[in-house]
Amino acid sequence: MKILGSTALYGVIGYPIKHSLSPLFQNRLFEHVGLDAVYVPFEVSPDKLRTALEGLKALNVRGINITIPHKEAVIEMLDFVKEDAKSIGAVNTVKFGERTEGYNTDWIGFLRTLKEVMDDVKGKKVLVLGAGGSSRAVLYALEREGAQVFLWNRTKEKAEKLSEIFRVEVVPSPEEVISSVQIVVNTTSVGLTEDYQIFDYELIQEGQVVFELVYGRDTLLKEWAKRRGAIYLDGLRMLVYQGLESFKIWTGCEPNPKVAFQALEERLN
Ligand SMILES: NC(=O)c1ccc[n+]([C@@H]2O[C@H](COP(=O)([O-])OP(=O)(O)OC[C@H]3O[C@@H](n4cnc5c(N)ncnc54)[C@H](OP(=O)(O)O)[C@@H]3O)[C@@H](O)[C@H]2O)c1
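All of these numbers come straight from a predicted model, not from anything done at the bench.

## Remarks on the overall build of the protein chain
On a plain count of helices and strands, the protein chain comes out with 9 helices and 12 strands. In terms of overall size, the protein chain behaves like a compact globule, its C-alpha atoms giving a radius of gyration of 19 Å where 269 residues would be expected to give roughly 18 Å. For the C-alpha atoms alone, the extent of the protein chain along its principal axes is close to 60 × 40 × 35 Å. Looking at the 269 residues of the protein chain, the share that counts as buried comes to 51%.

In C-alpha cells:
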C-alpha cells in the first residue's frame, strides 16, 4: 500500500475497535479497484463522538463505517439520513461531502446472505432472537420481504417496544415456535460474550436455516445447527456484504465480493 499526498481517507469508528475486520477487506477492495485510498480504524469513546465527526470532516475524510456503540447516537449529528436508516434507527455508513449523509447497509448485508440459501423470504416463518441494534436491521429486512416474524428477547419489554415499530409477534419463549419456523436468526450477543443454549438446541429441525450474526466463532448454536442437519449461516458474509454496500455508497464502484472474502480467509486461516 502506498500513501501519497493525494490518498483519500476512509475508516471505521467504534469503541472498542481493535477487533474490527473491516480495514482488512476494505483496504484490499481499494487496492483491487485501483483507487488511491486507505481505510483506517478509529477508536472513539461515546463522549467524543461529535468531536470526532467534526474532526473527520475537517480532515477531509471521505467516508466512515460506524459500529457499536455509535450507530444510533450518530443519527442526530447528520445533515441527511436515508429513509431505511431512519426506519431502522441506526446508521452504519457515513459519507462526507457538502452534507454529511447517513445510510444503513446492515439490513442489505443480512438479506443478501439469507438469499444465498433461499430464493424468496416472502411468507416464510422466522424466529428472531434478540431486540438490540442489529435486531432492528434484521426486522426491517424481514418486514420488507414479507416474512412472518416471531420475536423473542431476554428482556421482554424491549421486544414489545420493537413490536410497536415492526410487524412482529412477540413470543414468551423460543420453544413456543421453534418447530414451526423455517428460519432462526440469532441477533443476541450470546456466543460472543458468553455461550449457552438460548433454547433447547435439540429442537432445531433438519433443513431449517440458522443464521447467527456473530462471526468467526465456534458457538454452541453453530455446533448444534450442524449436528441437527440445519443450514448454518454466520455473520461473516453479512459483514462483508454490508461493507461492500458502504464501499459502493462512498465510491460509486462495484467491488468484487471474492476479493473481500479472500482477504478475510487469509487472515482467519
Ligand atoms: N455480522 C454482522 O455484520 C453484524 C452486524 C451487527 C451486529 N453483529 C453481532 O450481533 C450481535 C448483537 O449486536 P447488537 O448491536 O444487536 O447488540 P446490542 O444492541 O447490545 O443487543 C444485544 C442483544 O443481545 C441480548 N443479550 C445479551 N446478552 C444476553 C444473554 N446473556 N442472554 C440472552 N440475550 C442476551 C440482549 O438482550 P437484552 O435486551 O435482554 O439485554 C439484546 O437483545 C453481536 O454479537 C454483534 O457482533 C454482527
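What follows continues from the structure just given.
## Focus: helix α8 (residues 235–251)
Note: α-helices contain 3.6 residues per turn, so residues at a spacing of three or four share the same orientation. The terminal C-alpha atoms of α8, which comprises 17 residues, lie 24 Å apart, in line with the 24 Å expected from a rise of 1.5 Å per residue. Counting buried positions along α8 yields 13 of 17 residues, so the element is predominantly enclosed. Following α8 by one or two positions, glycine 252 has its phi on the positive side, about 75 degrees.

## Considering the sheet that holds strand β4 (residues 80–81)
In spatial order, the strands read β2-β1-β3-β5-β6-β4; together these 6 strands make up an open sheet with mixed pairing. Of all the strands in the sheet, just β2 (37–43) and β4 have a single pairing partner and so form its edges. The pairing of strand β1 (residues 8–14) with β2 spans 7 bridges and is parallel. The residue of β2 that forms the bridge with isoleucine 13 is phenylalanine 42. Contacts between helix α1 (residues 22–33) and the sheet are confined to β1, β2 and β3 (63–66), with β2 contributing the most and set at about 165 degrees to the helix. Relative to strand β5 (residues 93–95), α8 is tilted by about 10 degrees, and along the sheet it contacts β1, β2, β3, β5 and β6 (101–103).

## Focus: the side chain of aspartate 84
With respect to the secondary-structure elements, aspartate 84 resides in helix α3 (residues 83–88). One buried charged residue, aspartate 84, forms no salt bridge at all, with the nearest opposite charge on lysine 82 at 4.1 Å. Ignoring any residue separated from it by four or fewer positions in sequence, one finds aspartate 84 in contact with Asn104, Trp107 and Tyr140.

## Notes on the site of the ligand
What surrounds the ligand is a group of 24 residues, the closest being Ser134, Asn153, Thr155, Glu194 and Tyr196. One of the side-chain N or O atoms of glutamate 194 is found 2.7 Å from a nitrogen atom in the ligand. A distance of 3.5 Å separates an oxygen atom of the ligand from a polar atom in the backbone of leucine 239. Contributions of two or more residues to the shell around the ligand are made by α5 (133–145) and α8. No other element matches the 3 residues that α8 contributes to the shell around the ligand.

## Here's the deal with the environment of valine 209
Tracing the backbone shows valine 209 in strand β11 (residues 209–212). Given a relative accessible area of 2%, valine 209 falls into the buried group. The sequence separation of valine 209 and glycine 229 amounts to 20 residues, and the corresponding C-alpha distance is 9.6 Å.

## Some words on the domain arrangement of the protein chain
Each domain of the protein chain was delimited in the assignment, giving domain 1 (8–104 + 239–268) and domain 2 (108–236). For domain 1 and domain 2, the distance between their C-alpha centroids amounts to 25 Å. On the domain 2 side, the residues contacting the 18 residues of domain 1 number 14 residues. Of the roughly 1300 Å² buried between domain 1 and domain 2, counting both surfaces, carbon and sulfur atoms make up 62%. Of all residues in domain 1, Ile88, Leu239 and Tyr241 bury the most surface against domain 2, accounting for 44% of the area lost on that side.

Cut-offs applied
- Residues numbered from 1 in each chain as written.
- Predicted model: local features only at pLDDT ≥ 70, side-chain atom pairs only at ≥ 80, totals over all residues.
- Heavy atoms only, no water.
- Helix = DSSP H or I, 4+ residues; strand = E, 2+ residues; numbered from the N terminus.
- Rg over C-alpha atoms; globule rule 2.2 N^0.38 Å.
- Buried < 20%, exposed > 50% of the residue type's maximum accessible area, 1.4 Å probe, protein only.
- Expected span 1.5 Å × (residues − 1).
- Pairing = 2+ DSSP bridges.
- Contact = heavy atoms within 4.5 Å.
- Axes fitted to C-alpha atoms, helices over the stretch in contact; angles between N-to-C directions.
- Lys, Arg positive; Asp, Glu negative; His and termini not counted.
- Salt bridge = Lys/Arg side-chain N within 4 Å of Asp/Glu carboxyl O.
- Near = heavy atom within 4 Å.
- Polar contact = N/O pair within 3.5 Å; in protein donor to acceptor, adjacent residues only side chain to side chain.
- Domains from an automatic or database assignment.
- Buried area = accessible area lost by both parts, 1.4 Å probe.

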